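Spelled out from the first residue to the last, the chains are:
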Amino acid sequence: MKIHNFSAGPSILPKEVMHDASKAVKELGQSGLSLIEISHRSKDFISIMDEACKRALELTNLENKGYKALFLQGGASQQFIMSAYNLLENKAGFINTGTWSSKAIKEAKLIGEVLEIASSKDSNFNYIPKGYNTPADLDYLHITTNNTIFGTQFKEIPETDVSLVADMSSDIFSRNFDYSRFDLFYAGAQKNMGPAGATLVIVKEDILGKVTRTIPSILDYSVHLKSGSMFNTPPVFSVYTSLLTLRWIEKQGGIKTIGDKNILKANYLYNEIDRNSLFTGFAEKNDRSEMNATFNLVEESLTETFDNLCLSVGISGLKGHRSVGGYRASIYNALPFESVEILVECMKSLEQNN
Ligand SMILES: *Cc1c(COP(=O)(O)O)cnc(C)c1O
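Since the structure is predicted, the reported quantities are computational estimates derived from the model, not experimental observations.

A. Structural view of the nonpolar core. Counting 55 residues, the largest nonpolar core has Phe 45, Phe 173, Phe 182, Phe 185, Leu 200 and Ile 202 as the members making the most contacts within it. Not counting the four nearest positions on each side in its chain, Ile 202 is found in contact with Ala 56, Leu 57, Thr 60, Leu 62, Tyr 67, Lys 68, Ala 69, Asp 183, Leu 184 and Phe 185. Ranked by size, the runner-up nonpolar core spans 29 residues in total, among them Leu 70, Ile 105, Tyr 186 and Ile 207.

Okay, structure coming up:
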């Protein structure tokens, strides 16, 4: 049976990416060697790393604008402390939109003064705060562009004069927006890009080198930049597979085309959530995520029936995060429209029979 993979992360990757990645594990090109048994300093791997960085900048339209791309280890979670280590001298501001922002705040507090500029904690993070002012004396303002767990997403990039830093783990390369509004953004590979292990960081070079503290080498962006993401051994499989996805995005027509498709998928699903009397959406309508749709059954007694229905058509990974309950359909770039149609059919059929 075909499986429809709605997992929040690690999550679905394009079929051809999976195919080419597994081929490279057997043999990289005509080298006679596996991707995972060659030196990361070999010509073959250096060209993989260079192309991955170049494509990441091209797709976000940041080439020749003073930005550099890095593929690091440690996940987005390491970026919580690393971004603060490198950028926080006096005071940083955060918009708290859920679990991941809260974790980023906790880490930054180890480094310096942190202001929570706005928060949606008062209603279990089901909306994106608006109408706040950002003090002009912040070193930077940090946001989480898409809230994977709660299913909310910034539709507008906050208007501010201070440097913007973003965790884009679950919506990078998913929509067409002005990436140059950010001075630094990062994303773990495992949501929209590749297998877990690599973290993409894109940073405007001239914001670095301004803090007075000594930064441990492994946490210093400048050190990683100088060594072309090879200060230590990079996660070669994850970097290569991410590169395959970046090529795939380009082949689809780039971020604009992908973004249009994502909007169609999300609208199709949200329309059903709103129309179907048995379901209710979790997030406020204007702030709904195009990547993670969170919803609940109105009557919990139908849970088993709906779960079995989903199981019978091959729907996988739909269970909501424990802090929200209900369901979460992660509809990342690689998820085909057809999978959303199958889910919507299930929801309709539940309504017809109950
Ligand atoms: C998944 C996720 C993280 C955590 O990523 P790790 O790579 O596991 O550290 C952080 N932020 C967001 C928005 C996420 O979706």
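On we go from here.
B. Quick look at the pattern of salt bridges. Going through the model one piece at a time under the given rule, you end up with 15 salt bridges. The shortest N-O distance in the salt bridge between Glu 51 and Arg 247 comes to 2.8 Å. Within this pair, whereas Glu 51 is found in helix α2 (residues 43–59), its partner Arg 247 is found in helix α6 (residues 236–252), the two being separated by 196 residues in sequence. When the shortest N-O distance is used, the salt bridge between Glu 272 and Arg 275 registers 2.8 Å. Highlighted residues: Glu 272 and Arg 275, both in helix α7 (residues 254–275), separated by 3 residues, approximately one helical turn. Each of Glu 51, Arg 55, Arg 247 and Glu 250 takes part in a single network of salt bridges with overlapping partners.

C. Focus on the pairing of strand β5 (residues 140–144). Burial analysis of β5 places 5 of its 5 residues in the buried class, which makes it a mostly covered element. By the bridge criterion, 3 bridges tie strand β3 (residues 91–96) to β5 in an arrangement that is parallel. In the strand pairing of β5, Gly 93 is matched with Leu 141.

D. Broad picture of the packing of helix α3 (residues 75–87) against helix α4 (residues 99–108). In contact at an axis separation of 8 Å, α3 and α4 are set at 40 degrees when each is read in the N-to-C sense. In terms of axis orientation, α3 runs oblique to α4. Between α3 and α4 lies a crossing whose hand is right-handed. Judged by residue contacts, Ser 77, Phe 80, Ile 81 and Ala 84 of α3 engage Trp 100, Lys 103, Ala 104, Glu 107 and Ala 108 from α4. When the residues that make up the contact of α3 with α4 are grouped by side-chain class, the tally is 6 nonpolar, 1 polar and 2 charged.

E. Structural context of the domain arrangement of the protein. Annotation of the protein at the domain level lists domain 1 (15–252) and domain 2 (254–352). In this structure, domain 1 and domain 2 have C-alpha centres spaced 27 Å apart. Counting residues at the interface gives 30 residues for domain 1 and 27 residues for domain 2. Taken together, the two surfaces of domain 1 and domain 2 that pack against each other cover about 2,300 Å², and 52% of this comes from carbon and sulfur. We note a salt bridge from Lys 130 to Asp 287, for which the minimum N-O separation is 2.9 Å. Counting the contacts that link domain 1 with domain 2 gives 16 residue pairs in polar contact (both at pLDDT 80 or more). Secondary-structure elements contributing two or more residues to the side of domain 1 that touches domain 2 are β7 (152–153) and α6. Looking at the side of domain 1 that touches domain 2, the element that brings in the most residues is α6, giving 4 residues. Taken together, the residues of the side of domain 1 that touches domain 2 break down into 11 nonpolar, 13 polar and 6 charged.

F. Structural detail: the sheet that holds strand β14 (residues 327–330). Read across the open sheet, the 3 strands follow the order β11-β12-β14; overall the sheet is antiparallel. Edge positions in the open sheet fall to β11 (279–281) and β14, since each of these has one partner strand only. Strand-to-strand twist of the sheet, defined as the mean angle between neighbouring strand axes without regard to direction, takes the value 35 degrees. Inspection of the sheet shows β11 paired to strand β12 (residues 292–297) by 3 bridges, in the antiparallel sense. Within β12, the position partnered with Phe 279 by the bridge is Leu 297. Those strands touched by α7 are β11, β12 and β14, and its axis lies near 15 degrees from that of β12. The sheet contacts of helix α8 (residues 303–312) involve β11, β12 and β14, and relative to β14 the element is tilted by about 25 degrees.

G. Inspection of the sheet that holds strand β4 (residues 113–119) at higher detail. Spatial ordering of the open sheet is given by β2-β10-β9-β8-β5-β3-β4, a layout of 7 strands whose pairing is mixed. With one partner strand each, in any of the chains shown, β2 (67–72) and β4 form the two edges of the open sheet. Going from strand to strand, the sheet's axes swing by 20 degrees on average, the running direction of each strand aside. Most of the contacts of α3 go to strand β9 (residues 184–188), to which it runs at about 160 degrees, and overall it touches β2, β5, β8 (164–167), β9 and β10 (199–204).

H. Seen up close, unusual backbone geometry. Here the amide bond leading from Gly 9 into Pro 10 is cis, since omega sits at -10 degrees, within 30 degrees of zero. Take Pro 10: it is sitting in the loop between β1 (4–5) and α1 (15–26). Although it is not a glycine, Asn 61 sits at a positive phi angle of roughly 60 degrees. Among the secondary structure elements, Asn 61 is positioned in the loop between α2 and β2. The class for Asn 61 is exposed, based on a relative accessible area of 54%.

I. Focus on the packing of aromatic side chains. Evaluated as defined, the whole model comprises 13 aromatic pairs. An angle of 70 degrees between the planes, with centres 6.2 Å apart, marks the rings of Phe 182 and Phe 185 as edge-to-face. Phe 185 carries the same exposure label as Phe 182, and that label is buried. For the pair Phe 279 and Phe 306, a centre-to-centre distance of 5.0 Å together with 65 degrees between the ring planes defines the contact as edge-to-face. Of this pair, Phe 279 sits in strand β11 while Phe 306 sits in helix α8, placing them 27 residues apart in sequence. The residues Phe 279 and Phe 306 share a single accessibility class, namely buried. Here a set of aromatic residues connected by ring pairs shows up, and it is made of Phe 177, Tyr 179, Phe 182 and Phe 185.

Thresholds, definitions, all that
- Residues numbered from 1 in each chain as written.
- Predicted model: local features only at pLDDT ≥ 70, side-chain atom pairs only at ≥ 80, totals over all residues.
- Heavy atoms only, no water.
- Core = buried A, V, L, I, M, F, W, Y, C linked by side-chain atoms within 4.5 Å.
- Buried < 20%, exposed > 50% of the residue type's maximum accessible area, 1.4 Å probe, protein only.
- Contact = heavy atoms within 4.5 Å.
- Salt bridge = Lys/Arg side-chain N within 4 Å of Asp/Glu carboxyl O.
- Helix = DSSP H or I, 4+ residues; strand = E, 2+ residues; numbered from the N terminus.
- Pairing = 2+ DSSP bridges.
- Axes fitted to C-alpha atoms, helices over the stretch in contact; angles between N-to-C directions.
- Parallel < 35°, antiparallel > 145°, perpendicular 65-115°, else oblique.
- Left-handed = near helix turned anticlockwise from the far one by under 90°.
- Nonpolar A, V, L, I, M, F, W, Y, C, P; charged D, E, K, R; others polar.
- Domains from an automatic or database assignment.
- Buried area = accessible area lost by both parts, 1.4 Å probe.
- Polar contact = N/O pair within 3.5 Å; in protein donor to acceptor, adjacent residues only side chain to side chain.
- Phe/Tyr/Trp six-rings, centres within 6.5 Å; stacked < 30°, edge-to-face > 60°.

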